[in-house]
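Chains, contacts and geometry: an overview
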2 protein chains.
Amino acid sequence: MHHFQFQNPTKIIFGAGQISNLSSNIPQGSKVLMLYGGGSIKHNGIYEQVKKSLSAYEFLEFGGIEPNPRYETLLKAIEYIRKENVDFLLAVGGGSVIDGTKFIAAATYYQGDAWDLCNGAKAIKAMPFGTILTLPATGSEMNCGAVISRESSHEKLVFSSPLVYPTFSILDPTVTLSLPPRQRANGVVDAFIHVTEQYLTYPVDAAVQDRFAEGLLLTLIENGKIYVNEPENMEAASNIVWASTLALNGLIAVGVPEDWGTHMIGHELTALTGLDHARTLATVWPRLQMALKESKKEKLLQFAARVWNITEKTEADPNLRISQAIANTDQFFQSLGVKTHLSDYGLALGLGEQIAERFSKRGVLNLGEKGEITPNLACQIVNQSY
Amino acid sequence: MHHFQFQNPTKIIFGAGQISNLSSNIPQGSKVLMLYGGGSIKHNGIYEQVKKSLSAYEFLEFGGIEPNPRYETLLKAIEYIRKENVDFLLAVGGGSVIDGTKFIAAATYYQGDAWDLCNGAKAIKAMPFGTILTLPATGSEMNCGAVISRESSHEKLVFSSPLVYPTFSILDPTVTLSLPPRQRANGVVDAFIHVTEQYLTYPVDAAVQDRFAEGLLLTLIENGKIYVNEPENMEAASNIVWASTLALNGLIAVGVPEDWGTHMIGHELTALTGLDHARTLATVWPRLQMALKESKKEKLLQFAARVWNITEKTEADPNLRISQAIANTDQFFQSLGVKTHLSDYGLALGLGEQIAERFSKRGVLNLGEKGEITPNLACQIVNQSY
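Right, let's walk through the structure included here.

Each value, and the rule that gives it
Sequence positions are assigned chain by chain, starting from 1 and proceeding in written order. Just so you know, chain letters begin at A and ligand numbers begin at 1, following the order they were written in. Residue-level local features of this predicted model are given only where pLDDT is at least 70; pairs of side-chain atoms are given and counted only at 80 or more, and the full residue set underlies all totals for whole chains, interfaces and linings. Here the side-chain values reflect all heavy atoms present in the structure, with hydrogen atoms and water set aside. Each helix is a run of H or I in the DSSP string that is no shorter than four residues. Each strand is a run of E no shorter than two, and both are numbered from the N terminus. Radius of gyration: C-alpha atoms only; globule rule: 2.2 Å multiplied by the number of residues to the exponent 0.38. Note on classification: 1.4 Å probe, protein chains only; a residue is buried when its accessible area is under 20% of the maximum for its type, exposed when over 50%, partly exposed between these limits. Throughout, a residue-residue contact means that at least one pair of heavy atoms, one from each residue, lies within 4.5 Å. Computed with the Shrake-Rupley method and a 1.4 Å probe, the accessible areas treat only the protein chains shown as cover for residues. Working convention for charge: Lys and Arg count positive, Asp and Glu count negative, and His plus the chain ends are omitted. Charge positions are represented by NZ for Lys, CZ for Arg, CG for Asp and CD for Glu. Helix span, expected: 1.5 Å multiplied by one less than the number of residues in the helix. Only strands joined by at least two bridges in the DSSP assignment are considered to pair. All axes here are fitted lines through C-alpha atoms, helices being fitted over the stretch that makes contact, and every angle between N-to-C directions spans 0 to 180 degrees. Residues below a pLDDT of 70 in either copy are left out; the C-alpha atoms of the rest, at least 70 in both, set the least-squares superposition of the copies. Here a pair means two rings of Phe, Tyr or Trp (six-membered ring of Trp) with centres within 6.5 Å. Their orientation is stacked below 30 degrees between planes, edge-to-face above 60, and tilted elsewhere. Note on geometry: a ring has a charge over it if NZ (lysine) or CZ (arginine) is within 6 Å of the ring centre and within 35 degrees of the ring normal.

1. Digging into the overall build of chain A
- Along chain A, the regular secondary structure elements total 12 helices and eight strands.
- For chain A, the C-alpha radius of gyration of 20 Å lies close to 21 Å, the compact-globule estimate for 386 residues.
- By its C-alpha atoms, chain A is 65 × 45 × 45 Å across when sized along the principal axes.
- Out of the 386 residues belonging to chain A, those deemed buried represent 61%.
- Pairs at least 24 apart in sequence give 78% of the contacts found in chain A among residues at least 6 apart.
- Summed over its atoms, the accessible surface of chain A is roughly 14300 Å², and 49% of this surface lies on carbon and sulfur atoms.
- Separation of charge centres in chain A, based on 32 positive and 39 negative side chains, amounts to 2 Å.

2. Looking at helix α4 (residues 181-197) of chain A
- With 17 residues, α4(A) should cover 24 Å at 1.5 Å per step; its first-to-last C-alpha distance of 24 Å lies within 8% of that length.
- Counting buried positions along α4(A) yields 14 of 17 residues, so the element is predominantly enclosed.

3. Focus on the sheet that holds strand β5 (residues 129-133) of chain B
- On the basis of which strands lie adjacent, the open sheet formed by 12 strands has the order β3(A)-β2(A)-β4(A)-β5(A)-β8(A)-β1(A)-β1(B)-β8(B)-β5(B)-β4(B)-β2(B)-β3(B) and mixed pairing. On the outer flanks of this sheet lie β3 (58-62) of chain A together with β3 (58-62) of chain B, each paired with one strand and no other. The average angle at which neighbouring strand axes cross in this sheet is 25°, direction not considered.
- In the sheet, β5(B) pairs with strand β8 (residues 168-171) of chain B via four bridges, with the strands oriented parallel. Counterpart to B:Gly130 in the pairing with β8(B) is B:Phe168.
- Helix α6 (residues 234-246) of chain B rests against β1 (4-14) of chain A together with β1 (4-14) and β8 of chain B of the sheet, and its axis sits at about 150° to β1(B).

4. Quick look at the relation of the copies chain B and chain A
- The operation relating chain B to chain A is a screw motion whose rotation component is 180°, with 0.0 Å of axial translation and a residual RMSD of 0.0 Å. Each copy turns onto its partner about a two-fold axis. When C-alpha distances to the rotation axis are compared across chain B, the minimum falls at B:Pro9, with a value of 2.3 Å.
- The overlap is high: 100% of the interface residues of chain B also sit at the interface in chain A, so the same surface is used on both sides.

5. Observations regarding the packing of aromatic side chains
- The full count for this structure, using the stated rule, is 29 aromatic pairs over all chains.
- Measuring from ring centre to ring centre gives 5.1 Å for A:Phe4 and B:Trp242, while their planes differ by 65°; the resulting arrangement is edge-to-face. You can see A:Phe4 sitting in strand β1 and its partner B:Trp242 sitting in helix α6, one on each of two chains.
- Owing to a relative accessible area of 6%, A:Phe4 belongs among the buried residues under this scheme.
- Between the aromatic rings of B:Phe103 and B:Phe159, the centroid separation amounts to 5.8 Å while the plane-to-plane angle is 90°, which identifies the pairing as edge-to-face. Taken together, the residues B:Phe103 in helix α3 (residues 95-107) and B:Phe159 in strand β7 (residues 155-160) connect sequence positions 56 residues apart.
- Across the ring face of B:Tyr109, the terminal group of B:Lys125 is positioned such that the distance to the ring centre comes to 4.3 Å.

6. Brief notes about the pairing of strand β6 (residues 145-150) of chain B
Residue and element names in this part refer to chain B.
- Sheet topology places β6 next to β7; six bridges connect them, and they run antiparallel. Looking at the pairing, Ile148 lines up with Leu157 of β7.
- Once β6 ends, the chain turns through four residues before running back antiparallel as β7, passing His154 with a positive phi of about 50°.

And the structure:
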């Protein structure tokens, strides 16, 4: 395996009822800004629980952070924070609220155009923040990355900094009780594809990382359908919550190559059409794997054997083992209620060409672990995803 | 799964040649005390590498920390630290040196009898320290626990505190090149048994923790013999180093029951006879699992199936599947060159009774995840281990 550095300081507080531990994790005397999204937390009881836990603090609220959090909205939060001298942030929501909060935490102290942070500029300081996760999916609750959308330019870009690991994250699986099936299914697909982006590349003898990745995939497969169809099943919900956090906390990525091609193409699809993040991934993933099946052969065969139990014994032809494993995954997404073709979502032709043009313009010329995904190949992959 | 909290702040710096990054991880202007063991680092080049990396610091040395670090020796280090106003510690060694350094880090600031820290007293402050691991085995490089031996009373007790996570740990797999086979084999057995102590209990629907534990066990099995027999094989060494760190960094223990019975009995055996830690474990483990096979039935069957591929298809009788899995593990230890009976080490009869008496005296009356291991059962287990 390659050399690596790994450090993840986020404190995880996991279990039913753990929101009651909130106040012991925020420094006394802090002025807290609670950030949230569309207000679902006001209907499912979480808002009241948080308010109760924060009764000893001076605290303010900022709601309305969108799915695919918008730069324009986040700037308003920053203005409010500066005006009110807030010194601790609390993100209550899913990946979008947490991602938005990370950006706010760093951009509040950034001198100059804050959008630079999404174009590689280095954050110098960040406000401390905790999170209460309400939707397992992105893993944002235990990593230092964020994806921010800018409405004015239809861009969706990645911001990351070691300064924006959450101080703590409260993972209470019972918060999933009120989630609609669509959000549950999206979360499982998102987590599954996060794992594969760190796993389906080429082998570097990283035995533990491979086994952990496969363990997460098996957990998502074995618990995914139960989680989507049986909201009361807290065992399945707990396993999905913990698996989706570990899917993107950096651990399975250490010392191995990565291929974020599916996500990069997916981000463009969301930026152009507004389609749910996970649904863009589910359409792109099978086609990207097929397009690169020679290059990813060894790991795809390992994936077939260890995750889908498709081995030499069950199928002699390695190419068929690979296509079968990709088809099984496609079927798994569909079994959760997530359709896997762009045409299923009524999207018009031409997205491949648009995305290729956007990649070319931004200099995104060689995605994938070996740099094989040119704008042209990205175009083909998208067009095969209809 | 049960509710849990998890936070592990240690920074891991992994790979060949990473000792050269040492100085960028120690605060400038620190007065550093380098702690080590019997001096093997002076023969294998590590001492020179460290000295070179620390050239910009004022630094002192304290050598001679024993395998099973002795309280009496550690007190001398504390005296030296206080006298010299050291403010950063650097442990260069295996689990014993790192464990000793943890104790020193906390005991330096402890008011009163330092041995209290091994009897449940709470540390209030600890000196920051980093580690350079020279022997993969104990996982001490990424956790906050230590085992300390007191010569005067023949005690071997556990000290732990969230204040003694290493600030950083440098894991350079090439340091294993100079290890003798005995130390390599001991390390693999120790790590293997650490995993089982957090895994072979009763099921609590913790899907990820189980898969991760099984992944570590498979990695140790698949790489263990190569690592012991082919010192130049850096792929195997890298996998063993990373697996043994993750075997005891807290991650696979979250939300699940644990059974540290094998370790507790093993510590007594070392305290009484001086037998290597891992070798005590290898003798106790098979007998403890057999003694508790009804109680641990579900997990032992899962272990048989997922780790040793012994399933209903290969063996219809569940009891035989369990004994076969335990026998395979016993064979695995032996294949590394680690004998699995106390008589193999020429130890005289009577150890079971002595250990039972020591447990009774200290009030260690119910070890194991369900408290089933009474002093009497511990006696039986030890006596069956001859």
